[in-house]
Amino acid sequence: MKYDFFTGSYGDRGEEGICKFCFDSKKGELRKVSGYSGIYHPSWVCFNRKDSILYAVQEETPAGAMQILRVVDKGFKRIQICDSDGADPCHLSMSEEGDSLFLSNYSSGSLVAYRLDPNGLPAGKADQVQHYGKGIDLERQEAPHVHSCVEHKGMIYASDLGLDQVFIYGLNKKTHRIEDTGNRIHVSPGAGPRHLEFYSGEQSALYVLCEMGNSISVFWNRGNTYECIQNISTLPAGFAGMNTAAAIHRSGKLLFASNRGHDSIAMYEIKNAGELDLLDIVPTGGKIPRDFAVFDAYLIAANQESDCLSVLRIDEERKALELTDIKAETVRPTCICRC
């Protein structure tokens, strides 16, 4: 099987910060197809629903931006640049209907919604929500820090690392405006929620990856409320080094999370009621795996401080991960986007 995907990075201007790769699992080859150097710190990228437009944050302070690119045969063509209306934009996601785009400004603690035209191009800012407050960690939670937001079954979930909360919003389908429901999901003080995953089994479960707590908090959806039924570590017992959890992704009944510091991927099995069993924790073969993506029986990790991508094999029969010798060089990768 062949898989195409794109990477974002902390590349500077003049470096290939966004790249297209092809992974051939049969041949065991991972190669760069093309790159784009006309952007600064494109730490997160995502596609529209038609895979025709690529959106990329430009993570800068005090004012960030978003570039809109079209992928062409020989590389990338820049179409438009928009202000992010905040500092250090770090995450992008599409609405379920594909007509809205959500942007998270980390340092300024805000969430922006853009209305998209039928071609996937921004037709103006539809709304902006500002968070307020602080957490218990005076260094990292001195202010709100919106780290990601995703729509799930008509609701928007915004993870705020600085406030130890996941904000639940509604989305007006006509105006594309964000509506506050007043509902909040609270994690342990100082845990720092970063990214989310969902699962529907006997119970509808929400998995909150906590960057600072190096843990996953599992919540049952009780209608208008969420009940925490489990907190499970992303690290092996006894590890005492520095670490921050980074990415979480689900594939069927397997859930994965990455560790920056321990430099590993943790793999869990999702039980019928949504709770997690730890199966394996395996090194990625690089430093600071900020993101990863699952491609059927393979997982590709973006090792930011090793300037490389590494490939791991998922053995579902043995319920284990194993690092392969397949790698590819690329500048400070931070995001992997499937198309």
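Here, every reference points to the structure presented above.
This one's a predicted model, so the numbers in the text were calculated from it and none came from an experiment.

Caption draft 1: Representation of the pattern of salt bridges. Applying the stated criterion across every chain, the model contains 17 salt bridges. For K173, the salt bridge identified is with E151, shortest N-O distance 2.7 Å. In this pair, K173 is assigned in the loop between strand 14 (165–171) and strand 15 (178–186) and E151 in strand 12 (residues 146–152), connecting sequence segments 22 residues apart. Its relative accessible area of 9% is what places E151 among the buried residues.

Caption draft 2: Up close: the sheet that holds strand 19 (residues 226–233). Reading across the sheet, the 4 strands line up as 16-17-18-19 and stay open at both edges, with antiparallel pairing between neighbours. Only two strands of the sheet have a single neighbouring strand rather than two, namely strand 16 (193–200) and strand 19. The average angle at which neighbouring strand axes cross in this sheet is 25°, direction not considered. As defined by bridge partners, strand 18 (residues 215–221) adjoins strand 19 across 7 bridges and the pair is classed as antiparallel. What sits directly across from W220, in strand 19, is E227.

Caption draft 3: Highlighting the environment of N259. Take N259: it is sitting in strand 21 (residues 254–260). Separated by 17 residues in the primary sequence, N259 and M242 place their C-alpha atoms 10.0 Å from one another.

Caption draft 4: A look at the layout of surface pockets. What the largest pocket holds in volume is close to 900 Å³. Lining the largest pocket are 29 residues, and of these W44, H91, V150, E197 and H249 lie nearest its centre. Listing elements by their share of the lining of the largest pocket, those giving two or more residues are strand 4 (45–47), strand 8 (89–94), strand 12, strand 16, strand 20 (244–251), strand 24 (289–295) and strand 28 (333–338). The residue makeup of the lining of the largest pocket, split by class, is 16 nonpolar, 7 polar and 6 charged. Along the walls of the second largest pocket sit 16 residues, with M155, Y157, N221, G223 and Y226 positioned nearest its centre. Listing elements by their share of the lining of the second largest pocket, those giving two or more residues are strand 13 (155–160), strand 16 and strand 17 (204–210). When grouped by side-chain class, the residues that make up the lining of the second largest pocket number 8 nonpolar, 7 polar and 1 charged.

Caption draft 5: Region of the structure containing the packing of aromatic side chains. Following the criterion strictly, the structure yields 11 aromatic pairs and no others. Taking 6.1 Å as the distance between ring centres and 20° as the angle between the ring planes, the aromatic pair formed by Y3 and F23 counts as stacked. With a gap of 20 residues between them, Y3 in strand 1 (residues 2–9) and F23 in strand 2 (residues 18–24) connect regions that are remote in the sequence. This pair shows no difference in class: Y3 is buried, exactly as F23 is. A centroid spacing of 5.1 Å and a plane angle of 65° characterise the contact between Y157 and F198, whose relative ring orientation is edge-to-face. You can see Y157 sitting in strand 13 and its partner F198 sitting in strand 16, a full 41 residues away along the chain. Here a set of aromatic residues connected by ring pairs shows up, and it is made of Y3, F5, F21, F23, F295 and Y298.

Caption draft 6: Representation of the side chain of S215. By secondary structure assignment, the location of S215 is in strand 18. Every residue in contact with S215, bar those within four places of it in the chain, is listed here: V208, L209, C210, I232, S233 and T234.

Caption draft 7: The nonpolar core, seen in detail. Of all hydrophobic cores here, the largest spans 28 residues; its most connected members are I18, L54, Y55, M66, L92 and L101. Listed by contribution, the elements that provide at least two residues to this core are strand 4, strand 5 (53–58), strand 6 (65–72), strand 7 (75–83), strand 8, strand 9 (100–105), strand 10 (110–116) and strand 28. If one sorts the elements of this core by residue count, strand 5 sits on top with 5 residues.

Caption draft 8: Inspection of the environment of I270 at higher detail. Inspection of the secondary structure puts I270 in strand 22 (residues 264–270). Remark: the alpha-carbon pair of I270 and N172, spanning 98 residues in sequence, is separated by 33 Å.

Caption draft 9: Structural view of the sheet that holds strand 1. Taking strand neighbours across the sheet as the criterion, the 4 strands line up as 3-2-1-28 in an open arrangement whose pairing is antiparallel. Pairing within the sheet leaves two strands with one partner each, and these edge strands are strand 3 (29–36) and strand 28. Across the sheet, the mean angle separating the axes of adjacent strands is 30° when strand polarity is ignored.

Caption draft 10: Summary view of the pairing of strand 21. Counting buried positions over the 7 residues of strand 21 gives 7, a clear majority of the element. Sheet topology note: the strand 20/strand 21 ladder contains 6 bridges and is antiparallel. Each bridged residue has a counterpart across the sheet, and for T244 the counterpart in strand 21 is R260. Two strands pair when backbone bridges link them, and strand 21 and strand 22 are joined in this way by 6 bridges, in the antiparallel orientation. Of the residues in strand 22, the one forming a bridge with N259 is S264. The hairpin formed by strand 21 and strand 22 contains 3 residues between the paired strands, and G261 there has a positive phi angle of roughly 130°.

What counts, and where the lines are drawn
- Residues numbered from 1 in each chain as written.
- Predicted model: local features only at pLDDT ≥ 70, side-chain atom pairs only at ≥ 80, totals over all residues.
- Heavy atoms only, no water.
- Salt bridge = Lys/Arg side-chain N within 4 Å of Asp/Glu carboxyl O.
- Helix = DSSP H or I, 4+ residues; strand = E, 2+ residues; numbered from the N terminus.
- Buried < 20%, exposed > 50% of the residue type's maximum accessible area, 1.4 Å probe, protein only.
- Pairing = 2+ DSSP bridges.
- Axes fitted to C-alpha atoms, helices over the stretch in contact; angles between N-to-C directions.
- 1 Å grid on protein atoms, 1.4 Å probe; cavity = no way out; pocket = protein on both sides within 12 Å on 5 of 7 lines; lining within 4 Å.
- Points joined across faces, edges and corners; volume = space filled by probe spheres on them.
- Nonpolar A, V, L, I, M, F, W, Y, C, P; charged D, E, K, R; others polar.
- Phe/Tyr/Trp six-rings, centres within 6.5 Å; stacked < 30°, edge-to-face > 60°.
- Contact = heavy atoms within 4.5 Å.
- Core = buried A, V, L, I, M, F, W, Y, C linked by side-chain atoms within 4.5 Å.

Remember that the coordinates give geometry; whether it matters functionally is a separate question.
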